[in-house]
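For reference, the chains in residue letters:
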Amino acid sequence: MNRADRDLLLGLLELPTAGPLETDGPVRLWQAMHSYALAANGIGFETVRLTTATTTAALRPDVPLPVREAVARGPEFLAAQPSLVLRLGPAKPAVMFNVHLDTVAGAEPVRYTDGRFHGRGAIDAKGPAVALLAGVRHALLAEPALGRDVGVLVQAVSGEEGGALGTIGTRPLVEDGFFGRLNVFCEPTGLRWLSRCTAAMTASVRVAGQDAIDDQPHAGHNATVLLGFLAQHLGAALTGQVPDGQVCVAGLHTGRLHNRVYGTGELLLNLSYGSAGSAQRLTTLLESGLREGLAEFRARFADSPVYRRTAVEAESVTRLNWLKRGLPALDCRDSWGEALLDQVVPRWPEHEPGFTCDAIWLAGVPGTCTVVLGPGSLAANNAHAEGEFADERELDRFAEVVCEILIRFARNGVA
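Residues numbered from 1 in each chain as written. Predicted model: local features only at pLDDT ≥ 70, side-chain atom pairs only at ≥ 80, totals over all residues. Heavy atoms only, no water.

Per an unreviewed UniProt entry, the chain carries the name Acetylornithine deacetylase/succinyl-diaminopimelate desuccinylase-like protein and comes from Kutzneria viridogrisea.

As structure tokens, then:
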């Protein structure tokens, strides 16, 4: 990275770009996109799109419920989250790189010290976004066919974080044809290429009963006891049931006061999967597990003076809602792309589980190879956590990898 690259990255890190699902604070994604586009234009990229998703696209039934609810509240939600497409050379054949400039919430002090960048987004994914441009710049100097005979596309998107899962950023761009023969999603993988990405469903188990005072706990529905019981039951029933996903028994909320019985509450479960078959199995197991859990709760507490009403009426006050469902999982098998990438970087080990990112939106697109590849580690670099950082040397190495991928793509021909 040169001085201009460092300045660009530090400028991007200074901008608060956590999306509206993450924060109520300022969202400077337009400014970030303009800064990034200006730097890309300087090495030959043309800005071919800079806009937001349409309301129609954002209100599809498979868009996560929190996104649809935010869109329904007013136009400012989408208006704050633009996505950018840059193109250098012909539209096809091309390599497409996807980076996201939105981040999770949480301000991190921005600085560059001893070869290390600190700040929210340093590794996920503003640092890789800047290193990507450096890699393209180096490749253009080494291979004249780039930008002449083969193209480079860059998607710089919003809506990756906060649970939007690319539905208002990456998906509309892919549907409009902005992808390549080879597609690289720049996420931290330790510079190992990964061609399988899980998707996830989020289920909400809600109890809508009647509150009671602490002196008469039997008079109401005790959502805390019921949901706590169901959390344990469903955790045991669902864990380990599919080979390519996992179950996260997540938030459980009823109330914070000690002197009342809460009759309403919510239990959240996040179910990841690597195939449509696994998604269906988890759905079936959750629905049957909930029925069984409610029946077991009734049998166990029907004779309890305190919990009898909750037990007898548990089924009538409990509902299952899906906050997120129907998203595709990526499992890309492309021998041509695999052979090219194997010449540059190692594969992600088969025994390590994949993870969810926007690459899922290239699932099933014919004639494409799609992988996730980037510097650093979500855990080791404190992504989404306090102290997020990226070392300049790992960003430089990613730039070298980008350069080599582009040169090999241009010289080896496209299958």
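There is more to say, and it comes next.
Turning next to the overall build of the chain. Tallying secondary structure elements over the chain gives 13 helices and 17 strands in all. For the chain, the C-alpha atoms occupy an extent of roughly 80 × 40 × 40 Å along the three principal directions. Of all 415 residues assigned to the chain, the portion counted as buried reaches 53%. Across the chain, contacts joining residues at least 24 apart in sequence account for 82% of those joining residues at least 6 apart. Carbon together with sulfur atoms contributes 51% to the accessible area of the chain, which is approximately 17300 Å² in total. Taken together, the 37 basic and 46 acidic charged side chains of the chain have centroids lying 3 Å from each other. (Helix = DSSP H or I, 4+ residues; strand = E, 2+ residues; numbered from the N terminus. Buried < 20%, exposed > 50% of the residue type's maximum accessible area, 1.4 Å probe, protein only. Contact = heavy atoms within 4.5 Å. Areas by Shrake-Rupley, 256 points an atom, 1.4 Å probe, with all protein chains shown as cover. Lys, Arg positive; Asp, Glu negative; His and termini not counted. Charge placed at Lys NZ, Arg CZ, Asp CG, Glu CD.)

This part is about the packing of aromatic side chains. Scanning all chains against the criterion turns up seven aromatic pairs. Ring centres of F301 and Y307 lie 5.7 Å apart, and the angle between their planes is 85 degrees; on these two criteria the pair is classed as edge-to-face. On the accessibility criterion, F301 (17% relative accessible area) is buried. Aromatic rings pair up to connect F229, F297, F301 and Y307 into one cluster. In this structure, R116 packs its charged tip against the face of F389, placed 3.9 Å from the ring centre. Directly above the ring of W348 sits R192, whose terminal nitrogen or CZ lies 4.3 Å from the centroid. (Phe/Tyr/Trp six-rings, centres within 6.5 Å; stacked < 30°, edge-to-face > 60°. Lys NZ or Arg CZ within 6 Å of the ring centre and 35° of its normal.)

Attention now moves to the sheet that holds strand β17 (residues 389-391). An order of β4-β5-β17 is seen for the three strands of this open sheet, with the pairing classed as antiparallel. Each edge of the sheet is formed by a strand with only one pairing partner; in this case those strands are β4 (111-113) and β17. Geometrically, the sheet is characterised by an average inter-axis angle of 20 degrees between neighbouring strands, direction not taken into account. Examined bridge by bridge, strand β5 (residues 116-118) and β17 share three bridges and lie antiparallel to one another. The residue bridging F117 from the neighbouring strand is A390, located in β17. (Pairing = 2+ DSSP bridges. Axes fitted to C-alpha atoms, helices over the stretch in contact; angles between N-to-C directions.)

On to the sheet that holds strand β13 (residues 264-273), then. With antiparallel pairing, four strands are arranged side by side in an open sheet as β11-β13-β9-β14. Of all the strands in the sheet, just β11 (247-253) and β14 (318-324) have a single pairing partner and so form its edges. Neighbour-to-neighbour, the strand axes of this sheet turn through a mean angle of 20 degrees, independent of strand direction. Direction of pairing for strand β9 (residues 199-208) relative to β13: antiparallel, over a ladder of ten bridges. Looking at β13, one finds that V205 is bridged to L267. Those strands touched by helix α9 (residues 276-301) are β9, β11, β13 and β14, and its axis lies near 160 degrees from that of β14.

Right, let's talk about the pattern of salt bridges for a bit. Throughout the structure, instances matching the rule amount to 23 salt bridges. The residue R6 makes a salt bridge to E392 at a minimum N-O spacing of 2.9 Å. Pair noted here: R6 is in helix α1 (residues 3-14) and E392 is in helix α13 (residues 392-412), with a separation of 386 residues, a long-range link. Here E392 falls in the buried class, since its relative accessible area comes to 8%. Across the pair R148 and D149 runs a salt bridge whose closest N-O atoms are separated by 2.7 Å. (Salt bridge = Lys/Arg side-chain N within 4 Å of Asp/Glu carboxyl O.)

Most peptide bonds take the trans configuration, and most residues that are not glycine carry a negative phi. Omega for the bond connecting K92 with P93 falls within 30 degrees of zero, at -5 degrees, which places this linkage in the cis form. By the element assignment, P93 lies in the loop between β2 (83-88) and β3 (94-100). Cis peptide bonds are those with omega within 30 degrees of zero, and the linkage from D124 to A125 qualifies with 0 degrees. With phi around 50 degrees, D114 is a residue other than glycine that occupies positive phi space.

What follows concerns the environment of L88. On the secondary structure map, L88 appears in strand β2. Look at L88 and you get buried, because its relative accessible area is 6%. Spatially, the C-alpha atoms of L88 and E46 are 6.2 Å apart, while their sequence positions differ by 42 residues. Not counting residues within four places of it along the chain, the set of residues in contact with L88 comprises I43, G44, F45, V136, L140, L146, G147, V150, G151 and V152.

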